[in-house]
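One-letter residues, chain by chain:
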Amino acid sequence: MTTLLVALEQLLLPAECLVCHRLLGPPFADDLVCRVCRLRWRPVRRPWCERCGQPEPHFGPCRLCRGWPAELTAARSAVWLDGGARRTVHALKYEGLARVGLDMAAVVAKLVERPPPGAVLVPIPLGTKRQSRRGYNQSVILATALARLWGLTNRLELLVRTRDTPTQTALTPAARLANVAGAFRVQSAEWGVQNRSAAPHSALPILHSPLVLVDDVFTTGATLAEAARALAAAGCQSILAVTFGRASIPDFN
Ligand SMILES: [Zn+2]
Ligand SMILES: [Zn+2]
């Protein structure tokens, strides 16, 4: 009888993969992206710059991460942002499919090295306008799911965005840097929104833990670097970054 009910539900509410539209039967009916499509996502692999995780340049030092704050020591992404992976990020960000974040977090947990024990996940915040339009922050969904999969804690409210920044999509790497400059602040119930110029280093114990910034996509790293700058200014010494997707940037490859 139960099988019949499940079959009936499948018939009435067919769960299908949002990338290839293949029907998802049990036990995968809760997935939004089927296992076949997930296997098609291209993992980001070595050789890469040990710091930013971008394919290494042919000559000279990596240009992508040279301006990063020293405290940001490594950024890693699970898959290249093309085909189905791009489609999946779009569903998470623009189609209200928050649950697909769980599928993405599962892939990150599988492909990206687990941060050290005691590390705390910190999602990149959205501006208030964008967050209220979307109804959720995709990075919070990823950070929450990843904390569970990795057995780590998170601090969803540690960073705040001080202003709404225009979308980065059409900007050059240099313009992206200018776009996010000063866009983040550290806040805590203990001392409210922190002023970057006067950081009481011992005031906030959380800043003694390694912090892991979590975002959906790594493009030039400008947003992650700026968020790391705010954490470092507040006294954090060790910062990593993790994203689901990585966009290839023609002028850096
Ligand atoms: Zn599929
Ligand atoms: Zn680099």
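Conventions used here
Each chain carries its own residue numbering, running from 1 in the direction its sequence is written. Each chain is given a letter, starting from A, and each ligand a number, starting from 1, according to the order in which they appear as written. Two thresholds apply to this predicted model, a pLDDT of at least 70 for residue-level local features and 80 or more for giving and counting side-chain atom pairs, whereas whole-chain, interface and lining totals are computed over all residues. Excluding hydrogens and water, the side-chain values take into account all heavy atoms of the structure. In this listing, donors mean N, O and S atoms no farther than 2.8 Å from the metal, or 3.2 Å for Na, K and Ca; water is missing from the atoms, so a site can look incomplete. Metal sites are grouped by the angles between bound donors: all angles between 85 and 135 degrees with four donors is tetrahedral, opposite donors over 155 degrees apart with the others between 65 and 115 is square planar for four donors and octahedral for six, and any other pattern is irregular. Burial status follows relative accessibility: with a 1.4 Å probe on protein chains alone, a residue under 20% of its type maximum counts as buried, one over 50% as exposed, and anything between as partly exposed. In this description a helix means any DSSP run of H or I spanning at least four residues, a strand means any run of E spanning at least two, and both kinds are numbered starting from the N terminus. Only when DSSP finds a minimum of two bridges between them are two strands counted as paired. What a helix should span is 1.5 Å times the count of its residues minus one. Whether two residues are in contact is decided by their heavy atoms: any pair within 4.5 Å suffices.

### Things to note about the coordination of the zinc ion (ligand 2)
Looking at the zinc ion (ligand 2), one finds its protein donor set to be Cys49 (SG), Cys52 (SG), Cys62 (SG) and Cys65 (SG), positioned 2.3 Å from the metal centre. Geometry at the zinc ion (ligand 2) is tetrahedral, judged from the four donor atoms that bind it and their angles of 101 to 116° at the metal.

### Side note on the pairing of strand S7 (residues 211–218)
Of all eight residues in S7, eight are buried; the element is thus mostly enclosed. Where S7 and strand S8 (residues 239–246) come together, seven bridges link them in parallel fashion. The residue bridging Val214 from the neighbouring strand is Val242, located in S8.

### Description of helix H8 (residues 222–233)
Taking 1.5 Å per residue, 12 residues should reach 16 Å; H8 reaches 16 Å between its end C-alpha atoms and fits that length. Most of H8 is tucked away, with 10 of its 12 residues classed as buried. Among the residues of H8, Ala222, Thr223, Leu224, Ala225, Glu226, Ala227, Ala228, Ala230, Leu231 and Ala232 are the ones counted as buried. In the core, the buried residues of H8 are packed alongside strand S1 (72–80), strand S4 (159–161), helix H7 (173–180), strand S5 (184–188), S7 and S8. Just beyond H8, the residue with positive phi is Gly235, at close to 120°.

### A look at the coordination of the zinc ion (ligand 1)
Within the protein, Cys17 (SG), Cys20 (SG), Cys34 (SG) and Cys37 (SG) serve as the donor atoms for the zinc ion (ligand 1), at 2.3 Å. Each of the four donor atoms bound to the zinc ion (ligand 1) contributes to angles spanning 106 to 115°, and the resulting shape is tetrahedral. Ordering the donors of the zinc ion (ligand 1) by residue number gives the pattern C-x2-C-x13-C-x2-C. Placement of Cys20 in the loop between helix H1 (2–12) and helix H2 (35–40) and of Cys37 in helix H2 is noted, with a sequence separation of 17 residues between them. On the basis of relative accessible area, Cys37 is assigned to the buried category, the value being 3%.

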